[in-house]
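# Coordinate inspection notes
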Amino acid sequence: MVEGALVAGCRFFAGYPITPASEISEILSIKLPRLDGTFIQMEDEIASLGAVIGASLAGVKSMTATSGPGFSLMQENLGFAIMAEVPCVIVNVMRGGPSTGLPTFPSQSDVMQARWGTHGDHPAIALSASTVRECYEMTVKAFNLSEKFRTPVVLLMDEVVAHMREKMVLPDEDDVEVFNRVKPTVPPEWYMPYEDTPRGVPAMANFGEGYRYHVTGLTHDVRGFPTSRPDEIGPFIARLHRKISQHFSEIQMAEFFQTEDAEITIVAYGCVARSARRAMIEARERGIKVGLLKLVTIWPFARSAVEKVLQKSRILLVPEMNMGQISREVKRVNPGVAKVFTLNKVDGTIITPEEILNRITEVA
Amino acid sequence: MTKKKQKVALPHPHDPLLRADRIPHIWCPGCGIGTIFGCVLTAIQKSGLPLDDVAMVSGIGCTGRMAGYLNLDSFHTTHGRAIPFATGLKLARPQSSVIVTSGDGDLFAIGGNHFIHAARRNVDMTIVCVNNFNYGMTGGQVAPSTPFGAKTTTTPIGNFEEPFNFCSLAAACGAVYVARWTTLHIRWITDSLLEAIQKRGFSFLEILAPCPVTFGRRNKLGKAVDLIKFLHERSVVRNQIDPKDAVLDFNKHLVVGKFIDIERPTFLDNYQLINRRELGDWPALERQVPRMEKQAKG
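Note that the coordinates shown come from a computational prediction; the quantities given were computed from them, not determined experimentally.

## Looking at the sheet that holds strand β3 (residues 97-103) of chain B
What the nine strands build is an open sheet, ordered β8(A)-β2(B)-β1(B)-β3(B)-β4(B)-β6(B)-β5(B)-β8(B)-β7(B); its pairing is mixed. Whereas interior strands pair on both sides, the edge strands pair on one side only; in this sheet they are β8 (214-216) of chain A together with β7 (235-237) of chain B. Neighbour-to-neighbour, the strand axes of this sheet turn through a mean angle of 20°, independent of strand direction. Where strand β5 (residues 177-182) of chain B and strand β6 (residues 202-208) of chain B come together, six bridges link them in parallel fashion. Directly across from B:Ala179, in β6(B), lies its bridge partner B:Leu205. Strand contacts of helix α8 (residues 224-234) of chain B: β5, β6, β7 and β8 (254-261) of chain B, with the helix running at about 40° to β7(B), the strand carrying the most contacts.

## Observations regarding the nonpolar core
The biggest cluster of nonpolar side chains holds 161 residues, and the ones touching the most others in it are A:Ile24, A:Met63, A:Val91, A:Ile326, A:Ile356, B:Phe75 and B:Phe204. In this structure B:Phe204 touches B:Phe108, B:Phe115, B:Ile127, B:Cys129, B:Phe166, B:Cys167, B:Ala170, B:Tyr177, B:Val178 and B:Ala179, once residues within four positions along its chain are discounted.

## Considering empty space enclosed by the protein
All names here are of chain A. Evaluated as defined, the whole model comprises six cavities of 30 Å³ or more. Leu78, Ile82, Ala114, Pro123 and Ala124 are, among the 15 residues lining the second largest cavity, the residues nearest its centre. The set of elements that each furnish at least two residues to the lining of the second largest cavity consists of α4 (68-84), α5 (111-116) and β7 (152-158).

## A word on the environment of A:Asn180
All names here are of chain A. Following the sequence through the fold, asparagine 180 ends up in the loop between α7 (159-162) and β8. Taking the C-alpha atoms as reference points, asparagine 180 and proline 103, 77 residues apart in sequence, are found 35 Å from one another. With near-sequence residues (within four places) excluded, asparagine 180 lies in contact with Lys61 and Glu147.

## So, the pairing of strand β1 (residues 54-58) of chain B
Residue and element names in this part refer to chain B. Most of β1 sits inside the fold, with five of its five residues counted as buried. Side chains of β1 alternate between two faces, with Val54, Met56 and Ser58 and Ala55 and Val57 buried alike. Examined bridge by bridge, β1 and β3 share five bridges and lie parallel to one another. Within the sheet, the bridge partner assigned to alanine 55 lies in β3 and is valine 98. In terms of strand pairing, β1 meets strand β2 (residues 73-76) through four bridges, oriented parallel. What sits directly across from valine 57, in β2, is phenylalanine 75.

## Here's the deal with helix α11 (residues 303-310) of chain A
Among the residues making up α11(A), those that are buried are A:Ala305, A:Val306, A:Val309 and A:Leu310. Projected down its long axis, α11(A) carries its buried residues within an arc of 140°, all on one side.

## A short note on the pattern of salt bridges
One pass over the structure, following the stated rule, counts 33 salt bridges over all chains. Linking A:Glu76 and B:Arg81 is a salt bridge whose minimum nitrogen-to-oxygen distance equals 3.0 Å. Of this pair, A:Glu76 sits in helix α4 while B:Arg81 sits in the loop between β2 and α2 (82-92), which puts the two residues in different chains. For the salt bridge of B:Asp124 with B:Lys90, the shortest nitrogen-to-oxygen distance reads 3.7 Å. Within this pair, whereas B:Asp124 is found in the loop between α4 (112-121) and β4 (125-131), its partner B:Lys90 is found in helix α2, the two being separated by 34 residues in sequence. Here B:Asp124 and B:Lys90 have matching classes, each one buried. When salt bridges that share partners are traced, they join B:Glu195, B:Lys199, B:Lys258, B:Asp261 and B:Glu263 into one network.

## Structural notes on the domain arrangement of chain B
When cut into domains, chain B gives domain 1 (22-262) and domain 2 (265-298). On a C-alpha basis, the centres of domain 1 of chain B and domain 2 of chain B stand 26 Å from each other.

Scoring rules and cut-offs
Residues numbered from 1 in each chain as written. Chains lettered and ligands numbered in written order. Predicted model: local features only at pLDDT ≥ 70, side-chain atom pairs only at ≥ 80, totals over all residues. Heavy atoms only, no water. Pairing = 2+ DSSP bridges. Helix = DSSP H or I, 4+ residues; strand = E, 2+ residues; numbered from the N terminus. Axes fitted to C-alpha atoms, helices over the stretch in contact; angles between N-to-C directions. Contact = heavy atoms within 4.5 Å. Core = buried A, V, L, I, M, F, W, Y, C linked by side-chain atoms within 4.5 Å. Buried < 20%, exposed > 50% of the residue type's maximum accessible area, 1.4 Å probe, protein only. 1 Å grid on protein atoms, 1.4 Å probe; cavity = no way out; pocket = protein on both sides within 12 Å on 5 of 7 lines; lining within 4 Å. Points joined across faces, edges and corners; volume = space filled by probe spheres on them. Arc of directions from axis to C-beta. Salt bridge = Lys/Arg side-chain N within 4 Å of Asp/Glu carboxyl O. Domains from an automatic or database assignment.

In structure tokens:
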């Protein structure tokens, strides 16, 4: 995770201790100064994300890491980053909730919060990881997406994945694709920090480069100044959504395991996808044609991937460690051709392959 | 043929720093923020800092709108969070000078925690707190600065809470420069601001501003001019005193002056110090400021 952040170019971290995400802070506090980066432990999560946004505006790739309760506090500034279009990465190592909940137990209950947690109508990008290697890759990806689309990216992990130890070979740094924000090429007097480009993503100048522009959380015009004109507000909010929606194919990532002939497809993400894969293998040994759709991008929801498995599968099973947050989405995109079953567990323990297997035999 | 005398529009000295196309501003007639804004512009110009290196960060509220009228890198943040945003900005780009302008409610009610920790860390920034004794933008509710007994929209028969002494709080938290003026003390505000901008560390400036529309009116303090007269009559200058003794008593005195001016290593100084212990030649992070002779006399 941390290696991925550093390879992607992260040089600023601000955080606040919280189980089970403190390890990320601890390791970065050792590593960042060695790379001329800055580490600071702020007074709370609100301030942490504030500092991250400030640092990102100054041109330094920045991130923070937290868990459910801290993520709740960050919602305010998460909305600011979306509105002001400041790239940054927020890692949320999900633990049991609500409230202080289960600090040391895994959960997947912040999925909807990552989408709708902050107020207002906004787009959201959230990724997930289920292996240590994916933590690395998705962190790089999160930074790349945030820089590419000028938006905060949430990386959802759970306590199991965050504390997992696995062997992995780090790829050569030169082989890792790293994307940096597009800088303006026009002279400062022509610069429009929020202009509507065909891609929907305006070029971003860093503070101190002479462009002297205004950044605000108020609804703003193309120059960044507060506006109350309906003909400016509407197009601006529309562009915020469009810059994500017209690039769905670049953002949405999903993995298919033996879905070509599957009659039952499991839709899973995070650590549950690992159990699901095992269950899939065992079910196939018993002669049940099971496939697995592993969601890597959580938001925007991978509708096309689900539609693809719906061409074959007539039963979908969505195991999750929450009361059914992604299954809702699966049901929403299912036009009625398949039955959607859920397997929800909220007792602080992981969903085992046996449990998924049992559920498969139940619904098959 | 005699040419008619044409009026020549002379440029105002502040023009290069203003976003003139954003004017008219949103502030009410008689508001003190305009005066303070002028002082901030003068101080920035006098400081001789390269303008691309100056960033203005503001919170939410009347004073928070200041950043939008300034032709600098300006950052209008979420309510109460101006200081964390400024901290990130400063640490990521140490050569920049960061000025935070905000009101008393933003800095000390919703943002109080951020204030005390930034002062403790001694992050190099200048805080300009415009204290108008109430929440002006939202219609005049009670604030952490509202005097005991004063009427606001949420304390219609009088405020039953005791206000903060911001200067004392700042000093106790470790600010290296603390001063308080009223909008009438234009030269002193400018001089203090200049000192504060050039000071390395967390400097704090509180400016008492008249708010005739929402505060003055409800407390029968008269119109804008009466409020300024009130500030003029009541304020007494006491430099170098312990800010604990610099009380604001509307019935007696409003004590103003420059209270604290000390030296203390900044966050980045200490970050560098500790890192150099372990890592040897750690990069020089601190900005190079053209030092000017101190002009203000305390």
